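# Descriptive analysis of the structure
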Amino acid sequence: MDVSPAKVQSDASEVGRPVHPGGFLAGEAGKSDHVKAGRIVDFPVSVVLPAGGTGERTGLQTPKQFCSFLGRPLISFTIQTFERVSWIQNIVVVVAKENMDMMMDIIQRFQHKKVQVIPGGSTRHRSICNGVMALGEEERSADDKPKVVIVHDAVRPFVEEDFLHKIAVAAKEQGAAGATRPLVSTVIATTSEGYLDHSLERAKYRASEMPQGFTYDVIYQAYQRCTESDLEFGTECLHLALQYCGTNAKLIEGPPTLWKVTYKRDLAAAESIIKEMLSQSTCLLTGESTPGVRSADVFQKAFGALDMKLDVIPDLMGDNARYLLKAWNFIQVSFHSSCLSEVEDILVALDATNQALLHPPIVIWVHLKRTDEKSMALAESATIMNLASTAKLRNILLYGIEVHGSEDTDRWERSAPKVAEMASALIRDRNPALVGQLLQA
Ligand SMILES: Nc1ccn([C@@H]2O[C@H](COP(=O)(O)OP(=O)(O)OP(=O)(O)O)[C@@H](O)[C@H]2O)c(=O)n1
Ligand SMILES: O=C(CO)[C@H](O)[C@H](O)COP(=O)(O)O
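Residues numbered from 1 in each chain as written. Chains lettered and ligands numbered in written order. Predicted model: local features only at pLDDT ≥ 70, side-chain atom pairs only at ≥ 80, totals over all residues. Heavy atoms only, no water.

The cut-off we apply is this: UniProt positions are given in the numbering used here, feature names are shortened, and annotations may be inferred rather than shown by experiment.
Per an unreviewed UniProt entry, the protein chain carries the name D-ribitol-5-phosphate cytidylyltransferase and comes from Nothobranchius furzeri. Recorded in UniProt under Sequence similarities (unreviewed entry), the annotation for the protein chain is "Belongs to the IspD/TarI cytidylyltransferase family. IspD subfamily."

### With respect to the packing of helix α5 (residues 124-135) against helix α7 (residues 216-225)
How we decide: Fitting a line to C-alpha atoms yields each axis, with helices limited to the stretch in contact; the angle taken between N-to-C directions then spans 0 to 180 degrees. Strands here mean DSSP runs of E at least two residues long; helices mean DSSP runs of H or I at least four residues long; both are numbered from the N terminus. Every angle not falling under 35 degrees, over 145, or within 65 to 115 is termed oblique; those three ranges are roughly parallel, roughly antiparallel and roughly perpendicular. Throughout, a crossing is termed right-handed when the near helix is turned clockwise from the far one, and left-handed when it is turned anticlockwise from it by less than a right angle. We call two residues contacting when some pair of their heavy atoms lies within 4.5 Å. Under this grouping Gly is polar, as are all residues other than the nonpolar Ala, Val, Leu, Ile, Met, Phe, Trp, Tyr, Cys and Pro and the charged Asp, Glu, Lys and Arg.
Running from amino to carboxyl end, α5 crosses α7 at an angle of 130 degrees, the nearest separation of the two axes being 10 Å. With respect to their mutual orientation, α5 and α7 come out oblique. For α5 against α7, the interelement crossing comes out left-handed. Residues His125, Ile128, Cys129, Val132, Met133 and Leu135 of α5 form the contact with α7, whose own contacting residues are Tyr216, Ile219, Tyr220, Tyr223 and Gln224. Tallied by class, residues from the contact of α5 with α7 come to 9 nonpolar, 2 polar and no charged.

### Thoughts on helix α3 (residues 74-83)
The following threshold applies: Exposure is judged per residue with a 1.4 Å probe applied to protein chains only, and the accessible area is read against the type maximum: over 50% gives exposed, under 20% gives buried, and values in between give partly exposed.
A large share of α3 lies buried, amounting to 9 of its 10 residues. Considered for burial, the residues of α3 that qualify are Leu74, Ile75, Ser76, Phe77, Thr78, Ile79, Thr81, Phe82 and Glu83.

### With respect to the site of ligand 2
Operational definition: If a single non-hydrogen atom of a residue is within 4 Å of a molecule or strand, that residue counts as near it. In protein, a polar contact means a hydrogen-donor-capable atom and an acceptor-capable atom, both N or O and within 3.5 Å, with residues adjacent in sequence counting only if both atoms are side-chain atoms; elsewhere, any N or O pair within 3.5 Å suffices. For the accessible areas, the method is Shrake-Rupley and the probe is 1.4 Å, while residue cover comes only from the protein chains on display.
Neighbouring ligand 2 are Arg57, Arg124, Asp153, Arg156, Ser208, Met210, Gln212, Thr235, Glu236 and Lys260. Here an oxygen atom of ligand 2 sits 2.9 Å away from a polar atom, N or O, in the main chain of Thr235. In this structure, Lys260 approaches ligand 2 through a side-chain N or O atom, which is 2.7 Å from an oxygen atom. Out of a free accessible area of 370 Å², ligand 2 has 75% covered by protein chains. The dominant element in the shell around ligand 2, judged by the number of residues it contributes, is strand β10 (residues 206-215), at 3 residues. Each residue belonging to the shell around ligand 2 can be placed in one class, and the counts come to 1 nonpolar, 3 polar and 6 charged.

### A word on the domain arrangement of the protein chain
For clarity, the threshold we go by: Domain ranges listed in this record stem from an automatic or a database domain assignment. Buried area counts how much accessible surface, traced with a 1.4 Å probe, disappears from two parts once they are put together, with both parts' losses summed.
Each domain of the protein chain was delimited in the assignment, giving domain 1 (19-262) and domain 2 (279-440). Of the residues lining the interface, 7 residues belong to domain 1; the matching set on domain 2 comes to 6 residues. Between domain 1 and domain 2 lies a buried interface of about 630 Å² when both sides are counted; carbon and sulfur atoms form 57% of it. Counting the surface domain 1 buries against domain 2, the share from its top three residues, Leu70, Phe110 and Gln111, is 59%.

### Topic: the site of ligand 1
Taken together, 19 residues surround ligand 1, and among them Gly52, Gly55, Glu56, Ser127 and Lys260 come closest. Take Ala51: an N or O atom from its main chain is 3.2 Å from an oxygen atom of ligand 1. Expressed as a share of its isolated accessible area of 560 Å², the protein-covered part of ligand 1 is 88%. Looking at the shell around ligand 1, the elements that each hand over two or more residues are β1 (45-51) and α5. Considered class by class, the residues forming the shell around ligand 1 number 4 nonpolar, 9 polar and 6 charged.

### Some details on unusual backbone geometry
A cis amide bond, omega 10 degrees, links Met210 with the succeeding residue Pro211. Examined against the element boundaries, Pro211 turns out to sit in strand β10. The backbone of Gln111 shows a phi angle near 50 degrees, a positive value even though the residue is not glycine. Owing to a relative accessible area of 36%, Gln111 belongs among the partly exposed residues under this scheme. Even without being glycine, Lys114 reaches a positive phi, approximately 60 degrees. Structurally, the position occupied by Lys114 is in the loop between α4 (100-109) and β5 (115-119).

Shown next as structure tokens:
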């Protein structure tokens with residue numbers, strides 16, 4: 001029997017089950033500029049993010065959209081996802097009345113743009129309806145009204161521009177479009193006594209996910225025409241479009257990342273995805289020295305083996321300052337403890353950008369010592385600890401790694417993969433409790 005991966009994949013799709021749980025991070029980084037450049041949208045698009053729920057199923061006091069990850073609320077990650085899409089004009093965030101002030105505070109703290117906050121309703125449908133109506137308010141000029149409205153749960157923080165593009169274009173063409181995923185479990189109907197009544201043929205059904213897109217007229221009219229019962233008990237916007245506007249939504253299978261944070265365990269999964277996303281790219285600063293360049297080759301190999309991208313540059317001067325503007329991590333290789341001044345320069349440069357506002361960047365000082373050098377004196381250990389404490393107040397996490405006998409090529413080639421492993425563990429874990437520690441490799 002032929003069980004090549006391609007064959008297994010097509011069989012799985014045919015029976016309507018997920019082919020695999022999915023790599024969460026495969027999308028954006030691997031795409032060519034050509035594909036990215038193809039996402040041109042020449043019509044106005046607005047977004048409604050319902051965020052007015054209480055998150056009862058998490059069992060937590062704080063509604064899940066306000067739970068913090070690396071010091072930043074989940075809703076801020078979702079807003080950023082939409083905000084960075086150039087063709088999205090504005091984002092309406094719908095929150096419960098009692099959380100309006102907190103939401104305004106989040107917008108200010110994380111410097112979100114294009115965002116309007118409006119009060120929600122007692123159910124998800126009512127909140128979305130409020131958002132849609134706000135887009136149609138009379139003071140907006142006709143030109144200002146969106147052609148397409150994307151509705152997306154605030155608690156689904158990971159959605160890529162490519163997929164939003166597909167939904168927006170299909171919504172404009174068909175009137176409505178929505179994301180689906182294959183079902184993981186079979187859906188069954190039960191009798192009122194709790195026995196099996198019948199079961200559905202799983203391959204015929206899909207889970208309806210978000211985002212969903214609608215022409216403004218369709219979603220506006222659907223909410224104008226639907227009943228109180230729909231608003232109270234309904235869970236599906238695509239259904240309102242069908243029932244009240246006769247619009248059959250185009251369904252597009254989306255990636256597994258579209259899953260909704262619903263239970264407490266989903267918060268842990270979201271945190272680990274966020275950490276993974278922030279660990280993708282690291283910048284190795286070699287300084288000007290030749291041995292630094294030699295160490296760079298070994299590091300590059302070791303990081304490659306750990307599936308992490310590593311760019312090697314001498315410093316962050318001139319054009320290289322662009323590394324400070326995105327989610328990069330930094331490793332400074334130094335041959336003298338006096339080179340801690342290079343680390344200080346990175347901290348100052350990072351502080352001058354707003355990156356640390358959005359997530360804690362990692363800076364790792366790798367001190368390559370010769371065999372005849374003593375281990376770091378107490379005063380020098382104290383220096384890195386002090387630097388790290390100050391940096392932590394600015395949400396930058398600084399760690400140190402000391403490598404002995406680095407002048408011996410064989411020894412260095414053995415220890416470099418270990419240094420890379422330690423550095424990647426520090427980057428992936430982002431543990432604030434370990435800042436200022438000088439680890440030994
Ligand atoms: N009255 C409501 C209820 C829900 N939502 C939003 O709709 C999205 C998806 O709903 P769900 O996962 O059910 O969120 P909660 O209602 O908060 O969760 P739970 O049902 O566990 O209480 C969330 O972003 C939620 O904040 C909303 O805007 N207004
Ligand atoms: O998946 C969806 C698309 O229709 C909704 O997010 C879902 O219906 C929300 O339901 P609930 O608030 O019950 O979790």
